[in-house]
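In case you want the letters, here they are:
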Amino acid sequence: MVELKDSIEIRTSVNSLYKWFLKLDDNFVKWHPNHKAFNFLSGGTEVGDKIYFEEKVNGVLYAIKGEIVDHTKTTDTFSVGFKTSAGLGHIYFLGNKTDTGCVFTHIERFGLSTPIIGNVINFLLFKVLARKKANWDLILTDMRNDNKNLKKIMER
């Protein structure tokens, strides 16, 4: 399994950031020029709801369908996560309150974590079949750019 993670400090309340994420159908394409579309296919951001988004990174189109698998909110934190329809990708957006605002963390996990079988399937998927889409450096750079843009949006 591959895990990519990036965090950024944002001078806004965790509640403001959380509310922004609840409206990804309006905010996703504003977030970054690479973001092309976002739709709630069923419901919204509750566990079990279905979503679809498109993002084009360095000429590679990622058209992703998935299901919300985590949605938690406390006074000081939030977490929204989904898994892709194939179950091989998981994306999490986390917010944690700080003294000066919040820390936003974006995590993307790819592949199977099952010993032996997972290693074989991950190799076949990421090194043979989907090598162009499994460019981890490119994806991490895009995540970092997303975080920088989100900081600009939220600190306006």
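As the structure is a prediction and not an experimental result, all values here were calculated from the model.

Peer 1: Can you walk me through the sheet that holds strand β5 (residues 77-84) in this structure?
Peer 2: Ordered in space as β1-β7-β6-β5-β4-β3-β2, the seven strands form an open sheet in which the pairing is antiparallel. Strands with a single pairing partner mark the edges of an open sheet, and in this sheet they are β1 (2-10) and β2 (35-42). Direction aside, the axes of adjacent strands within the sheet are offset by 20 degrees on average. Bridging between strand β6 (residues 89-98) and strand β7 (residues 101-110) involves ten bridges; their strand directions are antiparallel. Across the sheet, the residue bridging to Thr98 is Gly101, located in β7. Sitting on the sheet, helix α1 (residues 14-22) is in contact with β2, β4 (60-73), β5, β6 and β7, with an inclination near 25 degrees to β5.

Peer 1: I would appreciate a short explanation of the pairing of β6 in the present structure.
Peer 2: Examined bridge by bridge, β5 and β6 share seven bridges and lie antiparallel to one another. Counterpart to Phe82 in the pairing with β6 is Ile91. Remark: two residues form the turn of the hairpin made by β6 and β7, two consecutive strands paired antiparallel.

Each value, and the rule that gives it
- Residues numbered from 1 in each chain as written.
- Predicted model: local features only at pLDDT ≥ 70, side-chain atom pairs only at ≥ 80, totals over all residues.
- Heavy atoms only, no water.
- Pairing = 2+ DSSP bridges.
- Helix = DSSP H or I, 4+ residues; strand = E, 2+ residues; numbered from the N terminus.
- Axes fitted to C-alpha atoms, helices over the stretch in contact; angles between N-to-C directions.
- Contact = heavy atoms within 4.5 Å.

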